[in-house]
Amino acid sequence: MEGTQPVADALRIESIHKSFGSFVALKSIDLAIHPGELVCFLGPSGCGKTTLLRIIAGLESQTAGRVIQNGRDVSNAPPAARDYGIVFQSYALFPNLTIKDNVAYGLVNRRRDRAAIDARVAELLKLVGLPTEGPKYPGQLSGGQQQRIALARALATAPSLLLLDEPLSALDAKERDRLRGEIRQLQRRLKVTTIMVTHDQEEALSMADRVVVMNHGAIEQIGTPLEVYERPATPFVADFLGKVNVLKATCVGGGRYRVGSREIATGANGMATGDAVRLYLRPEDRILADSGPVETMPNAQSGIVRNVDFLGTYCLASLDVDGFDGQRMLVYFSLNQTLELGVREGARVAFALRPERVRVFAA
Amino acid sequence: MSGTLAAGPAPVASRRLALAGEALAARGGLVLVAVALFVFLTAPLAALLIRAIQDKGGAYVGLANFVQYFASPAFSRSAGNTLTFALVTTFLTVPLAFAFAYAIQRSCIRAKWLWRNIALVPILAPSLLAALSFIYLFGNQGVLKGVLPWFGLTTIYGLPGMVLSMTFSAFPHAVMILLASLSLSDARLYEAADSLATSEWRKFVTITLPGARYGIISAAMVVFTMAVSEFGVPKVIGANYSVLAIDIYKQVIGQQNFQIGAVVGLILLVPALVAFFVDHAVRVRQKALLSARSVPYVPKPAPVRDRLLLAFVLLMSAAMLAVIGMAVFGSFVKVWPYNLSFTLNHYTYGFEEAGVENAYRNSLTMAAWCALIGALLTFAGAYWLEKTRGADFVRPIVRLQAMLPMAIPGLVLGIGYILFFNHPANPLNVVYGTMGILVLSTIVHFYSSSHLTAVTALKQLDNEFESVSASLKVPFYKTFSRVTVPVCLPSIIDISRYYFVNAMTTISAVVFLYSPKTMLAAISIVQLDEAGAIGSAAAMATLIVATSGVVTLLSFAVEGWLLRRTQGWRRAAPTR
Ligand SMILES: Nc1ncnc2c1ncn2[C@@H]1O[C@H](COP(=O)(O)OP(=O)(O)OP(=O)(O)O)[C@@H](O)[C@H]1O
Ligand SMILES: [Mg+2]
């Protein structure tokens, strides 16, 4: 996919297929991961993210397909013959070994001398911000600290690939936020190719260089966080990432679609006139009166506020839009806009839809 | 990344070789476990099955042996007796055990740990000990013989003595199951009932009993199976009350009639298998009850109830200690009940006279081997089963075989062993008549519970330890010795103790397999009793209880020391 002279991929996955008995967990997965990038596998529970990660790790064997790491076919290699470090949701720290021994676990086996190992362990503990915890046992550390140690242990042998399976989901919200940033920084600094599995879209969007959105054992879309959010390739992706309005519409040609008695202009030309479609619009894909006279803009609408959800720094208003035949729309207002534009139940609000943002999918 | 040492891969060729070796060790170990279980469990049972459809000469005769045995008057009498014995024992033991467990889990009586431990004491004794004690108390020379008519009995020999002795032996097993079952309770159900002003009795009937029903069924099944396959108790106190277990013994040892012995063995297998599957089904359901998140019930003081239950618990504990105490006392007096002066003769001349002076030492040897090898094999087997990868088709076979011994009465296993290992064409027949076969049969006989203990301990460990090790290129056996074993050591000690105590007290399988040189203490009790040396029989029983008791206390001490030494990491250790 890289053209004539392909960039050496850190990892290539070719037509991976996995079934458990008659249940198909993964179907024809193709994926190339570039050196040094952080890729997130994102998808709902049970979509096969973990299975794919475990196949890459050699902990699960694929039913068909190949795994190629740094140009070497490791499809059938046992885990120990592959080159990666892994961190699990459960930390999996050895409870009876000290933090130091945990981090040194993979080093000791390589018959390095004691001083070199100690130096390396100290370096790693410093790297994850816990330089003085070496003599303690895992049970004496907090969840976030344990996860940092698990990360240090995985990085100790300087693997070329780091695999993280929901590393943050056992932590509380604050700790999760903090560690999110730390992992990202560390990964950038070490330039280690990283795959992280998560079902938390915020996590994926904030950390990843590229996001692989999965559903029902298949890849729905691969792209940068902005791409998958702004230009979802499938209704599933649009629905799964963030909030979205889905409007029933009919194609009237020229990238225009009729919703109820109104016509909406979009940048999407793919449909034939008369096709029944769905328009996907995020609550923030609108222009409000505070940035100009919206009545004269294309796709100008007006509606009555039926409900306002206050969500901290912003509000989501449910609008009964004129001419939409009762299809309600969620529209995003910042707190200031809410106040300035007088958004409250029963109020009338004018807004315009951004034509370039409207995604159109067949109904 | 820049490190003080770049972790370059080890030389490829040697690395690959090491990996191949590791995979072989992982898979080979599992296959080895499967083969061992097959040779020492499944094959002997198959031999039993085959023998049941052969005549004396080994020719196929279909169901002729069954027809012959079913037609004999001995069968209908023994089958009926066995059923009566097992049912009466079950109906006596389970309610008593339930009340006892209820007092511990659901009342506010004091010193619960003490009652709990006293209830478990019979596990340390061979079932024969109770039979001897009841003979001392109510037998022909019994001091309390006079009370028998109060209960409408003329003699303790036969069914009454068998039921009492069996109840003593089975009681701790039922109590353990019911304690576990009654510990699962949802306080919210009781609170809801209280808010509706429900009477205590109604709460008991509508909440407590239904909540414990699986435990009750499970306990009943365990007691029933124990009674059906019990050999020692009917032998010592059963008099003419014939049961299937005795029939087997007579057929096989008395008349060398292996084919009828095999037939009786298969008949014994039926109730045991039924009980096994009922119990299994029930346990699965109990687990489903357990998984619901519930608030544990904490009993509130209720003076009348607590006093009544305390009286009951005291009475039961006193009775159990009296049974043990009676045998111990009897072993130290010259002639019960006429000359109560102290003597050690039963322990010295008594053993010599009956030619069983080596029995105790043999039992110690065997129990030590069982504790050592048994714990090792069982734990390693469970580890291979649960934590290694590859050779997945073998796993269900191992799992099934590991649970099978629970459904196999010891007598049945014993006959299977004779038939399989005493077969002239079997190259393994060198073990026949040795200590080795006693150790092996005992390990197999008590494999299931030990296996379950090991599996439970292993399941508490994070499943990803092995994955992490593999990713760090540390071979699985290193993680096994550095992490798995140290973390599971308390459970391994439990398994060891379980094997030791059972090896000391068991009779049923080994009674077919011992030779004069390998006579065991528990078996010698039967022999001493038959020779009329009841004092020496009691002495041997006392030695067994004392040894099991000391070893149990020792193992607790070791575990306590271990826990204290490792509490640095055990206290808040994350397990999952
Ligand atoms: N060993 C197995 N045997 C049978 N089915 C399995 C096995 N492992 C996974 N599955 C099934 O495969 C599907 C994908 O599982 P996987 O663990 O990869 O999901 P996931 O995307 O990681 O979900 P989650 O977010 O819940 O972790 C699930 O439906 C799961 O039930
Ligand atoms: Mg998962």
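The rules behind the values
- Residues numbered from 1 in each chain as written.
- Chains lettered and ligands numbered in written order.
- Predicted model: local features only at pLDDT ≥ 70, side-chain atom pairs only at ≥ 80, totals over all residues.
- Heavy atoms only, no water.
- Helix = DSSP H or I, 4+ residues; strand = E, 2+ residues; numbered from the N terminus.
- Buried < 20%, exposed > 50% of the residue type's maximum accessible area, 1.4 Å probe, protein only.
- Contact = heavy atoms within 4.5 Å.
- Domains from an automatic or database assignment.
- Buried area = accessible area lost by both parts, 1.4 Å probe.
- Polar contact = N/O pair within 3.5 Å; in protein donor to acceptor, adjacent residues only side chain to side chain.
- Nonpolar A, V, L, I, M, F, W, Y, C, P; charged D, E, K, R; others polar.
- Core = buried A, V, L, I, M, F, W, Y, C linked by side-chain atoms within 4.5 Å.
- 1 Å grid on protein atoms, 1.4 Å probe; cavity = no way out; pocket = protein on both sides within 12 Å on 5 of 7 lines; lining within 4 Å.
- Points joined across faces, edges and corners; volume = space filled by probe spheres on them.
- Pairing = 2+ DSSP bridges.
- Axes fitted to C-alpha atoms, helices over the stretch in contact; angles between N-to-C directions.
- Lys, Arg positive; Asp, Glu negative; His and termini not counted.
- Salt bridge = Lys/Arg side-chain N within 4 Å of Asp/Glu carboxyl O.
- Patch = residues over 30% accessible without salt bridge, like charges linked within 9 Å, V, L, I, M, F, W, Y side chains within 5 Å.
- Areas by Shrake-Rupley, 256 points an atom, 1.4 Å probe, with all protein chains shown as cover.
- Near = heavy atom within 4 Å.
- Parallel < 35°, antiparallel > 145°, perpendicular 65-115°, else oblique.
- Left-handed = near helix turned anticlockwise from the far one by under 90°.
- Expected span 1.5 Å × (residues − 1).
- pLDDT = per-residue confidence, 0-100.

**Q** Would you mind going over the overall build of chain A with me for this structure?
**A** Of regular secondary structure, chain A possesses nine helices and 20 strands. Counting only C-alpha atoms and orienting by the principal axes, one finds that chain A spans roughly 75 × 45 × 40 Å. By the burial criterion, 52% of the 363 residues in chain A qualify as buried. Contacts in chain A between residues far apart in sequence, at least 24 positions, make up 65% of those at least 6 positions apart.

**Q** Sorry, what's going on with the domain arrangement of chain B here?
**A** Accessible area lost on assembly of the parts is the figure often given for the size of an interface. Residues and elements named next belong to chain B. Each assigned domain of chain B is listed here: domain 1 (12-62 + 346-576) and domain 2 (71-336). One C-alpha centre belongs to domain 1, the other to domain 2, and the line joining them spans 25 Å. Facing 41 residues of domain 1, the contacting portion of domain 2 comprises 42 residues. Taken over both partners, the interface formed by domain 1 and domain 2 buries close to 3,400 Å², and the fraction arising from carbon and sulfur atoms is 79%. On inspection of domain 1 and its partner domain 2, the count reaches five residue pairs in polar contact (both at pLDDT 80 or more). Elements supplying a minimum of two residues to the side of domain 1 that touches domain 2: helix 1 (12-52), helix 16 (410-421), helix 20 (476-505), helix 21 (521-530) and helix 22 (534-565). Looking at the side of domain 1 that touches domain 2 element by element, the count peaks at 12 residues for helix 22. By residue class, the composition of the side of domain 1 that touches domain 2 is 28 nonpolar, eight polar and five charged.

**Q** I keep staring at the nonpolar core and nothing clicks. Help me out?
**A** A general tendency of soluble globular proteins is for nonpolar side chains to be buried together. Ranked by size, the top nonpolar core spans 202 residues in total, and within it A:Phe41, B:Phe100 and B:Phe512 carry the most contacts. When residues in this core are grouped by element, the largest group, 13 residues, is from helix 1 of chain B. If near-sequence neighbours (up to four positions away) are discounted, A:Phe41 is found in contact with A:Leu31, A:Lys49, A:Leu52, A:Leu53, A:Ile56, A:Ile195, A:Met196, A:Val197, A:Thr198, A:Val212 and A:Met214. Grouped together as the second largest cluster of nonpolar side chains are 44 residues, A:Ile99, A:Leu107, A:Leu168 and A:Phe240 included.

**Q** Please explain empty space enclosed by the protein as it appears in this structure.
**A** If you roll a probe as big as a water molecule over the atoms, it shows you where there is empty space left. All names here are of chain A. Applying the stated criterion to the full structure yields three cavities of 30 Å³ or more. By volume, the second largest cavity is sized at about 40 Å³. Around the second largest cavity, the lining residues are Leu151, Leu155, Leu162, Ile183, Leu186, Gln187, Leu190 and Val192. Those elements giving two or more residues to the lining of the second largest cavity turn out to be helix 4 (143-155) and helix 5 (173-190). Tallying contributions element by element places helix 5 first for the lining of the second largest cavity, with four residues.

**Q** Explain the environment of A:Ala218 here, please?
**A** Residue and element names in this part refer to chain A. As for its placement among the helices and strands, alanine 218 is situated in strand 10 (residues 218-223). Look at alanine 218 and you get partly exposed, because its relative accessible area is 21%. Taking C-alpha positions, alanine 218 is 24 Å from glycine 71, a pair spaced 147 residues apart along the chain. Those residues in contact with alanine 218 that sit more than four places away from it in its chain are Lys27, Ile29 and Val213.

**Q** Hey, could you run me through the sheet that holds strand 4 (residues 64-69) of chain A in this one?
**A** Sheet strands pair by backbone hydrogen bonding; their relative direction is either parallel or antiparallel. All names here are of chain A. If you walk across this open sheet you meet the four strands as 2-1-4-5, and the pairing is antiparallel. The two strands at the open ends of the sheet, each matched to only one other strand, are strand 2 (23-33) and strand 5 (72-73). One ladder, built from two bridges, connects strand 4 with strand 5; its direction is antiparallel. Looking at the pairing, glutamine 69 lines up with arginine 72 of strand 5. Sitting on the sheet, helix 1 (residues 49-57) is in contact with strand 1 (11-20), strand 2 and strand 4, with an inclination near 120° to strand 1.

**Q** Please explain the side chain of B:Glu466 as it appears in this structure.
**A** Residues and elements named next belong to chain B. Locating glutamate 466 in the fold gives a position in helix 19 (residues 465-471). One buried charged residue, glutamate 466, remains without a salt bridge, the closest side chain of opposite sign being lysine 387 at 4.4 Å. Residues contacting glutamate 466, with those up to four places away along its chain left out, are Tyr383, Lys387 and Thr484.

**Q** Teacher, can you tell me more about the layout of surface pockets here?
**A** Computed from the structure, the second largest pocket encloses a volume of approximately 1,000 Å³. What lines the second largest pocket is a set of 37 residues, among which A:Gly58, A:Leu59, B:Thr388, B:Arg389 and B:Gly390 lie closest to the centre. For the lining of the second largest pocket, the element with the most residues is helix 1 of chain B, which contributes five residues. Residue composition of the lining of the second largest pocket, grouped by class: 13 nonpolar, 10 polar and 14 charged.

**Q** Looking at this structure, how should I read a nonpolar patch on the surface?
**A** A surface patch of nonpolar side chains, amounting to about 330 Å² of accessible area, comprises A:Phe310, A:Leu335 and A:Leu339. Mapping A:Phe310 onto the fold places it in strand 16 (residues 300-310).

**Q** What exactly am I supposed to notice about the domain arrangement of chain A here?
**A** Residue and element names in this part refer to chain A. For chain A, the assigned domains are domain 1 (11-239) and domain 2 (243-362). Averaged C-alpha coordinates put domain 1 and domain 2 at centres separated by 39 Å. Contact residues are listed per partner, giving 11 residues for domain 1 and seven residues for domain 2. For the pairing of domain 1 and domain 2, the buried interface totals around 830 Å² over both sides, and the portion due to carbon and sulfur atoms is 49%.

**Q** I'm lost on the site of ligand 1 in this one. Help?
**A** Residue and element names in this part refer to chain A. Around ligand 1 there are 13 residues in total, and Ser45, Gly46, Lys49, Thr50 and Thr51 lie nearest to it. The contact in question runs from an oxygen atom of ligand 1 to an N or O atom on the backbone of glycine 48, over 3.0 Å. Within the side chain of threonine 50, one N or O atom sits 2.5 Å away from an oxygen atom of ligand 1. Relative to its unbound accessible area of 630 Å², ligand 1 is 60% covered by the protein chains. Elements with a minimum of two residues in the shell around ligand 1: strand 2 and helix 1. Looking at the shell around ligand 1, the element that brings in the most residues is helix 1, giving three residues. Among the residues making up the shell around ligand 1, the classes are represented as five nonpolar, six polar and two charged.

**Q** Just to check I follow, could you spell out the packing of helix 5 (residues 127-138) of chain B against helix 6 (residues 159-183) of chain B for this structure?
**A** Between two packed helices, the angle of one axis relative to the other and the distance separating the axes together describe the packing. Residue and element names in this part refer to chain B. Interaxial distance between helix 5 and helix 6 falls to 8 Å at its minimum, and their mutual angle equals 140°. As the angle between them shows, helix 5 and helix 6 are arranged oblique. Where helix 5 crosses over helix 6, the two elements pack in a sense that is right-handed. In this structure, helix 5 contributes Ser127, Leu129, Ala130, Ala131 and Phe134 to the contact, and helix 6 contributes Leu164, Ser165, Phe168 and Ser169. Residues belonging to the contact of helix 5 with helix 6 are distributed by class as follows: six nonpolar, three polar and no charged.

**Q** What is the right way to read helix 5 of chain A from this model?
**A** The α-helix winds at 3.6 residues per turn, so residues separated by three or four positions along the chain end up facing the same way. The terminal C-alpha atoms of helix 5 of chain A, which comprises 18 residues, lie 26 Å apart, in line with the 26 Å expected from a rise of 1.5 Å per residue. Positive backbone phi, approximately 55°, marks A:Lys191, located one or two places after helix 5 of chain A.

**Q** Is there a simple way to think about the confidence of the model for chain B in this case?
**A** Reading fine detail from the predicted coordinates is not recommended where pLDDT is low. All names here are of chain B. For chain B, per-residue confidence averages 88 on the pLDDT scale, and 94% of positions sit at 70 or higher. pLDDT under 50 marks residues 1-11. Its contacts with residues more than four places away, or in other chains, come to 23 contacts. Taken over the whole predicted complex, pTM reads 0.87, whereas the ipTM for its chain interfaces reads 0.83.

**Q** Is there a simple way to think about the pairing of strand 14 (residues 276-281) of chain A in this case?
**A** Taken residue by residue, a regular strand's side chains alternate between the two faces of the sheet. Pairing of strand 11 (residues 245-253) of chain A with strand 14 of chain A involves six bridges; the strand directions are antiparallel. Along strand 14 of chain A, the bridge assignment pairs A:Leu247 with A:Leu279.

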